Amino acid sequence: MFHAVKTSQKLTAYRNSSVLCYNIPSLNQTKSNLQTNKNSLYTSSVLNQNALHRNDLLTANRVVVKLGSAVITREDECGIALGRLASIVEQVSQLQNQGKDMLMVTSGAVAFGKQKLRQEIIMSMSMRQTISQRESKGHPLLEPRACAAVGQSGLMSLYEAMFLQYGIRTAQVLLTKPDFYNEFTRKNLHSTLNELLKLNIIPILNANDAVAPPPESDKDLAGLESYKIHADEKYKKGVISVKDNDSLAARLAVEVDADLLVIMSDVNGLYNVPPGQPGSRLLHTYCPDSDVDQIVFGEKSRVGLGGMESKVVAATWALKHGVSCVICNGCEDNAIVNISQGKKVGTFFTSQPSTGTPVEVQALQAREGGRLLQALSGKERAAIVHRLADLLIERKIDILTANQQDVSSAYAAGLTGPMVARLFLNEKKLQTLADGLRQIADDALSAVGRVIKRTQISKGMELRQITVPIGVLMVIFESRPDALPQVAALAICSGNGLLLKGGKEASITNKILHGLVEEALGMFVPKETISLVSRREDIQDLLHMSDDIDLVIPRGSSELVKTIQEASKGIPVLGHSEGVCHVYVDERVNPEMALRIVKDSKCDYPAACNAMETLLLHKSHIYTPLFDSICDTLKEANVTIHLGPRIAEAIKFGPPEETNMKKEYGALECAVEIVDGVDDAINHINQYGSSHTDTIVTENDDHAERFLQMVDSACVFHNSSTRFADGYRFGLGAEVGISTSRIHARGPVGMEGLLTTKWILHGSGETVADFAEGKQKYIHEKLSIATVTHNGNSAVSSN
């Protein structure tokens, strides 16, 4: 359980018509003062410290689950949605068997009884009455209290049968309002529930609708509007009425000292305006103290007494009394279990005001900022990036100080050498980074709006194809903080909005670098054009926002890339899953050149995705001085060698055999294998490689040409290190990543890879009918694009 703190909370109950209301007095009010009223109520539940963050829910031990009528009732409001209910029962049973104390507050008795009574009425009808009813498509009107009386036993029998499948017993507890304001019955209730929980029995509670009075409007509570008006006395006056199962669940959760209240509805959670309306946005977190003005409530659900407002009031009241609350969709798979694991499901109520911008808003701001970037001239976009390059040098002391904190934390956390190497910055790296940004800026002058094709459709009609930004990018990167300004510069020059998520190990450095990006953007566009996503759990939500994000680019380990590719829903992911790069040393080769290329490809930066993972040797090199020199060179560099199956047979006493030739080591390790020739090397690479980067070392030009043509990789080299597969080394200034995709961009993705095209047609009143009737004729003449400009941006031919 969460840590218990503070003191017992006293509640004053009074009768107002037929509605039971609870006033929350100040904490220094004494119990004796409360007992002066014969309807006084003393709540034994202490004020617990509720969860401030979702991760805190991992320690929640006592959980109350409230099932709304809309969750377990069929669409025809007559009967129970058995499949949905079975899923919920399975989740509750799973948590109960894990040692948690589970309680349920359930609706559904009226719907269950309605189904039974309708069947009875139909059975008692004559044939003529039955046919007449079918033709009128009407149903007999049934008294809800009678339906509840009939349905309660059937509903409990259903629960009992379902829970028995998991070896769990249940107990029914029916409640009415007097059970709460009568001190004697309230204490009995408290004792009964505690005893059931001790016996590992799940209490299933429901309002006794068979005898309950008709629902009335709250006299003490006018909804959340009363909180807005009396902001200085929030939740101190009329707070909660036991008039529906939402308030019952909240009251119960406080009474039994629960850690978590899960209120299940037929929507995904709390929205700023009713779902389906323009601008509707799900609030993943909600703080009653600061977010109440953001909410506009709609109508109630199709069944039940409460709507979303009653759920929010109940959840807010419980939160103020130390119970953490989540409102979620009861139809969502595994919702209860995921909530208990701290996952982002539904709306999490917290007493801690949000300090950051919601990611949904960040995505919208990036969209708007990207459009403003696109409207700038190439010179203005270049000026932003030049300013960012200058800031990297001007603020280098601040940057390096922040980076040193990250590096120290990384060592303390036990990160390995390669991971720390990616994280580390120094003055030389900052200077190289600034130079690269200036190169990007100089290339930005004609990037956006460049005309790449012109066609004279007919006399008076000209068609142009021009470059435009993709829209909003989301780039996720690990460790390397220098990636942040690089990616930001590429996004600025290509006119794209950008969301960035860096690794937590570089959080301090990333924060200061992002601040410099915001400062540079402020010259012409809002700083929110490029935002830094702070929480890892927000990524999952962003990957579902296909209407707001146009391209996701993960930079990091193969595990990261695969995870993002699997999680993305409808958003293209540009990247590579692995970097299994090969160096093939052909039969005719310069030994010194081969040694240098092999060593550089493996040892220059072993953790890089373009580092060599497999060395292929022509079979003629076995037991030659070149073979010995290569092995010695790798061993001197502390490279662990793994032998492929063929070479392992040829060398009886050697390093261990590697059976997985698709392995990416990402460290000072590599596999070595022999092949029969260039065609065998090509086949090996196409079978075991990852289509990233592969190189041939040879003096045979025909072999080199065949290798370059037939190896199916994004980057294929001749007599050069695989480490040249890099945006900066290619002259792109920088890269957002390396893509092994065959669509859109491939290899190091620079600014060109962040652009797409659109068609611009200039006409003079033509219609398609003019051409069909012979008044106009198509010319389709290709026009020169050497000196064309569009919207003030110079555009030159790429030919």
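Bear in mind that the values here come from a model prediction, so they are computed numbers and not experimental data.

(A) Layout of helix H26 (residues 678-688). Within H26, burial applies to Val-678, Ala-681, Ile-682, His-684 and Ile-685. Buried residues of H26, seen end-on, are gathered within an arc of 165° and therefore sit on one face of the element. Contacts from the buried residues of H26 go to strand S21 (581-585), strand S22 (612-618), strand S24 (669-675), strand S25 (693-697) and helix H27 (701-710).

(B) Representation of the pairing of strand S26 (residues 715-718). Side chains of S26 alternate between two faces, with Cys-715 and Phe-717 buried and Val-716 and His-718 left unburied. The pairing of S25 with S26 spans four bridges and is classified as parallel. Following the sheet pairing, Thr-693 is matched in S26 by Cys-715. You can see the chain leave S25, run along H27 and come back into S26, and the turn it takes is right-handed.

(C) Molecular detail of helix H22 (residues 558-567). Listed in full, the buried residues belonging to H22 are Leu-560, Val-561, Ile-564 and Ala-567. Here the buried residues of H22 occupy an arc of 140° about the axis, which is enough to place them on one side. Residues of H22 that are exposed and angled more than 90 degrees away from the buried face: Glu-559 and Glu-566.

(D) The nonpolar core, seen in detail. By size, the foremost hydrophobic cluster in this structure holds 51 residues, and its most contacted members are Leu-437, Leu-498, Leu-500 and Ile-530. Counting only elements with at least two residues in this core, the list comes to helix H15 (378-394), helix H18 (427-443), strand S17 (472-477), helix H19 (483-494), strand S18 (497-501), helix H20 (507-521) and strand S20 (551-555). With nine residues, H19 is the largest single contributor of residues to this core. Among all residues touching Ile-530, those that are not within four sequence positions of it are Ala-488, Ile-492, Leu-498, Leu-500, His-514, Val-517 and Leu-521. Leu-248, Leu-252, Ile-295 and Cys-325 belong to the second-largest nonpolar core, a separate cluster that totals 39 residues.

(E) Just the sheet that holds S17, in detail. Strand order in this open sheet of four strands is S19-S18-S17-S20, and the pairing throughout is parallel. Strand pairing shows two members of the sheet lacking a second neighbour, strand S19 (530-532) and S20, which therefore form its edges. The sheet shows a mean angle of 15° between the axes of neighbouring strands, taken without regard to direction. In this structure, S18 lies alongside S19, joined through three bridges in parallel fashion. If you follow Leu-499 over to S19, its bridge partner there is Ser-531. The strands touched by helix H14 (residues 359-375) are S17, S18 and S19; relative to S18, the strand with the most contacts, the crossing angle is about 140°. H19 rests against S17, S18, S19 and S20 of the sheet, and its axis sits at about 165° to S18.

(F) The arrangement of the packing of aromatic side chains in detail. Inspection of every chain in the model, using the stated rule, returns five aromatic pairs. Judged by centre distance (5.1 Å) and plane angle (65°), the rings of Tyr-286 and Phe-349 are edge-to-face. Within this pair, whereas Tyr-286 is found in strand S12 (residues 285-286), its partner Phe-349 is found in strand S14 (residues 347-349), the two being separated by 63 residues in sequence. For the residue pair Tyr-286 and Phe-349, the accessibility class agrees, reading buried in each case. With a centroid separation of 4.2 Å and 15° between ring planes, the pair formed by Phe-771 and Tyr-778 is classed as stacked. You can call Tyr-778 partly exposed: its relative accessible area is 49%.

(G) The arrangement of the environment of Ser-153 in detail. Here Ser-153 is to be found in helix H6 (residues 144-164). Along the backbone, Ser-153 and Gln-172 are 19 residues apart, and their C-alpha atoms lie at a distance of 9.2 Å.

(H) View of the packing of helix H16 (residues 396-412) against H20. The interhelical angle for the contact between H16 and H20, taken along N-to-C directions, is 155°, at an axis separation of 7 Å. One element, H16, and the other, H20, form an angle in the roughly antiparallel class. Along its contact with H16, which presents Asp-398, Ile-399, Ala-402, Asn-403, Gln-405 and Asp-406, the element H20 presents Ser-507, Ile-508, Thr-509, Ile-512, Leu-513 and Leu-516. Tallied by class, residues from the contact of H16 with H20 come to six nonpolar, four polar and two charged.

(I) Representation of the side chain of Arg-555 in the model. Of note, Arg-555 is situated in strand S20. Although buried, Arg-555 forms no salt bridge, and the nearest oppositely charged side chain, Glu-735, lies 4.4 Å from it. Ignoring any residue separated from it by four or fewer positions in sequence, one finds Arg-555 in contact with Val-475, Ile-476, Phe-477, Glu-478, Arg-480, Ala-483, Gln-486, Val-487, Leu-560, Glu-735, Val-736 and Gly-737.

(J) Examining the confidence of the model for the protein chain more closely. Mean pLDDT over the protein chain: 82, with 80% of residues reaching 70 or higher. Residue range residues 1-47 is modelled with pLDDT below 50. Its contacts to residues more than four positions away, or to other chains, number 135 contacts. Here residues 215-241 scores under 50 on pLDDT; set against residues more than four positions off or in separate chains, the count is 68 contacts.

(K) How the structure looks around the pattern of salt bridges. Scanning the entire structure with this criterion turns up 29 salt bridges. Arg-62 serves as the salt-bridge partner of Asp-101, at 3.2 Å between the closest nitrogen and oxygen. Placement of the pair is Asp-101 in strand S5 (residues 101-106) and Arg-62 in strand S4 (residues 62-67), with a sequence separation of 39 residues. Both residues of the pair, Asp-101 and Arg-62, count as buried. We note a salt bridge from Glu-462 to Arg-454, for which the minimum N-O separation is 3.0 Å.

(L) Expanded view of the environment of Val-697. By the secondary structure assignment, Val-697 is in strand S25. Since its relative accessible area comes to 0%, Val-697 is described here as buried. Sequence separation of Val-697 and Pro-591 is 106 residues, and the distance between their C-alpha atoms is 9.6 Å. Residues contacting Val-697, with those up to four places away along its chain left out, are Val-583, Tyr-584, Val-585, Asp-586, Val-589, Met-593, Ala-594, Ile-597 and Asn-719.

(M) The arrangement of the pairing of strand S9 (residues 260-265) in detail. Among the six residues that make up S9, six are buried, leaving the element largely enclosed by the rest of the structure. Burial along S9 is two-sided: Leu-260, Val-262 and Met-264 and Leu-261, Ile-263 and Ser-265, pointing in opposite directions, are all buried. In terms of strand pairing, S4 meets S9 through five bridges, oriented parallel. Along S9, the bridge assignment pairs Val-63 with Leu-260. Pairing of S9 with strand S13 (residues 324-329) involves six bridges; the strand directions are parallel. Bridge assignment links Leu-261 to a residue of S13, and that residue is Cys-325.

(N) Spatial organisation of the packing of H18 against H19. Two numbers describe how H18 lies on H19: the axes approach to 10 Å, and their chain directions differ by 10°. Taken together, the axes of H18 and H19 lie roughly parallel to each other. Contacts between H18 and H19 involve Leu-433, Leu-437, Ile-440 and Ala-441 from the former and Pro-485, Gln-486, Ala-489, Leu-490 and Cys-493 from the latter. Its residues assigned to classes, the contact of H18 with H19 comprises eight nonpolar, one polar and no charged.

(O) Layout of the state of the cysteines. Within the structure shown, the criterion is met by zero disulfides. No disulfide involves Cys-715; its nearest neighbouring cysteine sulfur is the one of Cys-581, lying 8.5 Å away. The class of Cys-715 is buried, set by a relative accessible area of 3%.

What counts, and at which threshold
Residues numbered from 1 in each chain as written. Predicted model: local features only at pLDDT ≥ 70, side-chain atom pairs only at ≥ 80, totals over all residues. Heavy atoms only, no water. Buried < 20%, exposed > 50% of the residue type's maximum accessible area, 1.4 Å probe, protein only. Helix = DSSP H or I, 4+ residues; strand = E, 2+ residues; numbered from the N terminus. Arc of directions from axis to C-beta. Contact = heavy atoms within 4.5 Å. Pairing = 2+ DSSP bridges. Right-handed = clockwise from strand over helix to strand, strands pointing away. Core = buried A, V, L, I, M, F, W, Y, C linked by side-chain atoms within 4.5 Å. Axes fitted to C-alpha atoms, helices over the stretch in contact; angles between N-to-C directions. Phe/Tyr/Trp six-rings, centres within 6.5 Å; stacked < 30°, edge-to-face > 60°. Parallel < 35°, antiparallel > 145°, perpendicular 65-115°, else oblique. Nonpolar A, V, L, I, M, F, W, Y, C, P; charged D, E, K, R; others polar. Lys, Arg positive; Asp, Glu negative; His and termini not counted. Salt bridge = Lys/Arg side-chain N within 4 Å of Asp/Glu carboxyl O. pLDDT = per-residue confidence, 0-100. Disulfide = S-S within 2.5 Å.

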